[in-house]
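Results of the structural survey
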Amino acid sequence: MGYVAVKGGTKAIEESIKRLKYERVKKGTAIELHKIEAGMRGLIDQVMSESSLYDQSLAALAIKQAEGNPEEAVFLLRAYRSTLPRKHVSRVISSENMKVERRISASFKDVPGGQILGATTDYTHRLLDSELENESDISIQDWLRAFQEEDHSTENQNDSADLNSLPKVLDYLRREGLLASCENNDLQPGDVTRKSLEFPSMRSERLQILTRGQTGAVTSLAYAVIRGYGALHPTVGELRVGQLPVHLDHPLLDEGQEEDSYYIGDFTATEAEMLIPLTVEKEQGKKEIEFEVGYGMCMGQNETKAIAMGILDNCLEKPNKEFPSHNEEFVLYHIDSVESTGFISHLKMPHYVTFQSKLDSIRKSKDKTTEQEVGLHE
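For clarity, every value in this text was computed on a predicted model and none was experimentally measured. (Residues numbered from 1 in each chain as written. Predicted model: local features only at pLDDT ≥ 70, side-chain atom pairs only at ≥ 80, totals over all residues. Heavy atoms only, no water.)

1. Some points on the overall build of the protein
The helix and strand tally for the protein stands at 13 helices and 4 strands. Its C-alpha atoms give the protein a radius of gyration of 26 Å, clearly above 21 Å, the size a compact globule of 378 residues would have. Within the span of the protein, comprising 378 residues, buried residues form 30% of the whole. Of the contacts formed within the protein by residues at least 6 apart in sequence, a portion of 66% connects residues at least 24 apart. Approximately 26000 Å² of the protein is accessible, and the part contributed by carbon and sulfur atoms is 53%. Here the protein contributes 44 positive and 62 negative side-chain charges, whose respective centroids are spaced 7 Å apart. (Helix = DSSP H or I, 4+ residues; strand = E, 2+ residues; numbered from the N terminus. Rg over C-alpha atoms; globule rule 2.2 N^0.38 Å. Buried < 20%, exposed > 50% of the residue type's maximum accessible area, 1.4 Å probe, protein only. Contact = heavy atoms within 4.5 Å. Areas by Shrake-Rupley, 256 points an atom, 1.4 Å probe, with all protein chains shown as cover. Lys, Arg positive; Asp, Glu negative; His and termini not counted. Charge placed at Lys NZ, Arg CZ, Asp CG, Glu CD.)

Dropping the structure here:
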């Protein structure tokens, strides 16, 4: 596609930017970054995931600058991310080492370590809380003191569980022979932030695109799969939310050992392992049901997106021309927030030359039609 450079309008653009700031501050009140960080956890987690940059303070800044618009905030944060040097690569992180804050299974009622409900809106009534209108820092501090003084030891049966090493639900199925073992391969994972996506893509690349994908778009496509626009119907094998530790190898050692690595911190992540039943034909026409796995993980607590990722991951592992949800080019090219928002937004830019050419063609065709009609009447 060719573009024609448009020159001029500098003064109007400057005034437009001033007006943008005016709309943000016209009520005379500034939103402090630490309050965005403290009170908009869900939005911050979404922006960090779609930007693939884990920094709550920077996400809060982007949200403030974008006036709460997640697409614009992601655009700002990705642009900033592109300026950062990559100095180190962490050791491979195992989700088995997650310090679990929330862990549920829709497949089994009783799982080792128990179901841990954690913080979630799943069990709320979804009614507006009018008390929040008068909430203040003092009332919050009073509530926190009362909460911390409560004794949960007799109510919480998971206090004795080791939240740093809860067994995986899928490992139970593997021990039963109901799920294929997970094989390690030596393939170096791709990096979609440094190399353009090519088809067919690697699974690591697909998972990167999915975790960076716009939350609503990923959820919408996964919903379409469940409604029949896909060839599977999944169950949540296990959903985890918690802290994952990050370690760096010693910079002076070529092949660093785990015990020589440096712990640099934790980050919150959501992991979903989806179970998809599959009918397999065995010898002599005998059919058996086996399970396949769809995997999803994203930064922060965003459970719907992680589950949707697991659904689409399995779809893209099994291409099917009948359903667009199984077409990797269709899915991966259309869920990216910056790509899709940017292309739609570019339609607001001047298209004077191309539109005038179309207009001229329409006028000429109408004039020719009019001449032909006059000739017929004569």
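2. Details of the layout of surface pockets
Of the pockets and cavities examined, the second largest pocket occupies roughly 1300 Å³. Counting residues per element, the ones that place at least two in the lining of the second largest pocket are helix 2 (33-39), helix 3 (41-51), helix 6 (137-149) and helix 10 (303-317). Counting residues per element, the lining of the second largest pocket draws most heavily on helix 6, which supplies 6 residues. Grouping the amino acids of the lining of the second largest pocket by side-chain chemistry returns 7 nonpolar, 13 polar and 7 charged. (1 Å grid on protein atoms, 1.4 Å probe; cavity = no way out; pocket = protein on both sides within 12 Å on 5 of 7 lines; lining within 4 Å. Points joined across faces, edges and corners; volume = space filled by probe spheres on them. Nonpolar A, V, L, I, M, F, W, Y, C, P; charged D, E, K, R; others polar.)

3. Section: the pairing of strand 2 (residues 235-248)
Burial of strand 2 is extensive: 11 of the 14 residues sit out of reach of the surface. Relative to strand 2, strand 1 (residues 99-104) runs antiparallel, the two sharing 5 bridges. Across the sheet, the residue bridging to valine 100 is glycine 242, located in strand 2. Looking at chain direction, strand 2 and strand 3 (residues 262-281) are connected through 13 bridges and run antiparallel. Its bridge partner being in strand 3, leucine 244 is matched across the sheet by phenylalanine 267. (Pairing = 2+ DSSP bridges.)

4. Describing the packing of helix 4 (residues 56-65) against helix 5 (residues 70-81)
The interhelical angle for the contact between helix 4 and helix 5, taken along N-to-C directions, is 130 degrees, at an axis separation of 8 Å. By the angle between their axes, helix 4 is oblique relative to helix 5. Considering the relative orientation of helix 4 and helix 5, their crossing is right-handed. Facing Leu58, Ala59, Ala62, Ile63 and Gln65 of helix 4, the residues of helix 5 in contact are Ala73, Leu76, Leu77 and Tyr80. Considering only residue class, the contact of helix 4 with helix 5 consists of 8 nonpolar, 1 polar and no charged. (Axes fitted to C-alpha atoms, helices over the stretch in contact; angles between N-to-C directions. Parallel < 35°, antiparallel > 145°, perpendicular 65-115°, else oblique. Left-handed = near helix turned anticlockwise from the far one by under 90°.)

5. A look at the sheet that holds strand 2
If you trace the 4 strands from one edge of the open sheet to the other, you get 1-2-3-4, paired in antiparallel fashion. Of all strands in the sheet, those bounded by a partner on one side alone are strand 1 and strand 4 (287-299). Across this sheet, the average inter-strand angle for adjacent strands is 20 degrees, counted without regard to direction. Running at roughly 135 degrees to strand 4, helix 10 makes contact with strand 1, strand 2, strand 3 and strand 4 of the sheet.

6. Things to note about the environment of asparagine 164
Secondary-structure assignment places asparagine 164 in the loop between helix 6 and helix 7 (169-175). Spatially, the C-alpha atom of asparagine 164 lies 9.4 Å from that of glycine 242, the residues being 78 residues apart in sequence. Excluding its chain neighbours within four sequence positions, the residues that come into contact with asparagine 164 are Glu96, Asn97, Met98 and Lys99.

7. Remarks on the confidence of the model for the protein
In the predicted model, the protein carries a mean pLDDT of 88, and 91% of its residues have values of at least 70. Here helix 13 (residues 352-377) stands out as the least confident element of the protein, with mean pLDDT 78; helix 4 is the most confident, with 97. (pLDDT = per-residue confidence, 0-100.)

8. Quick look at a nonpolar patch on the surface
On the surface, Ile140, Trp143, Leu144 and Phe147 cluster together into a nonpolar patch covering about 400 Å² of accessible area. Following the sequence through the fold, phenylalanine 147 ends up in helix 6. For phenylalanine 147, a relative accessible area of 40% corresponds to the partly exposed category. (Patch = residues over 30% accessible without salt bridge, like charges linked within 9 Å, V, L, I, M, F, W, Y side chains within 5 Å. Salt bridge = Lys/Arg side-chain N within 4 Å of Asp/Glu carboxyl O.)

9. A few points about the packing of aromatic side chains
Applying the stated criterion across every chain, the model contains 4 aromatic pairs. Measuring from centroid to centroid gives 5.5 Å for phenylalanine 108 and tyrosine 172, while their planes differ by 85 degrees, and the two rings are edge-to-face. On the criterion of sequence distance, the pair formed by phenylalanine 108 in the loop between strand 1 and helix 6 and tyrosine 172 in helix 7 is long-range, its members being 64 residues apart. You can call tyrosine 172 partly exposed: its relative accessible area is 38%. (Phe/Tyr/Trp six-rings, centres within 6.5 Å; stacked < 30°, edge-to-face > 60°.)

10. A short note on a negative patch on the surface
Among the surface-exposed residues, Glu32, Asp129, Glu131, Glu133, Glu135 and Asp137 lie close enough to one another that they form a single negatively charged patch. Take glutamate 135: it is sitting in the loop between strand 1 and helix 6.

11. Here's the deal with the environment of serine 204
Its place among the elements puts serine 204 in helix 8 (residues 203-212). According to the relative accessible area criterion, serine 204 is partly exposed, its value standing at 23%. Each C-alpha atom of the pair serine 204 and proline 189 lies 5.5 Å from the other, and the pair is 15 residues apart in sequence. Not counting residues up to four positions away in its chain, the partners in contact with serine 204 are Pro189 and Gly190. Separated by 3.1 Å, the side chain of serine 204 and the backbone nitrogen of glycine 190 make a polar contact. (Polar contact = N/O pair within 3.5 Å; in protein donor to acceptor, adjacent residues only side chain to side chain.)

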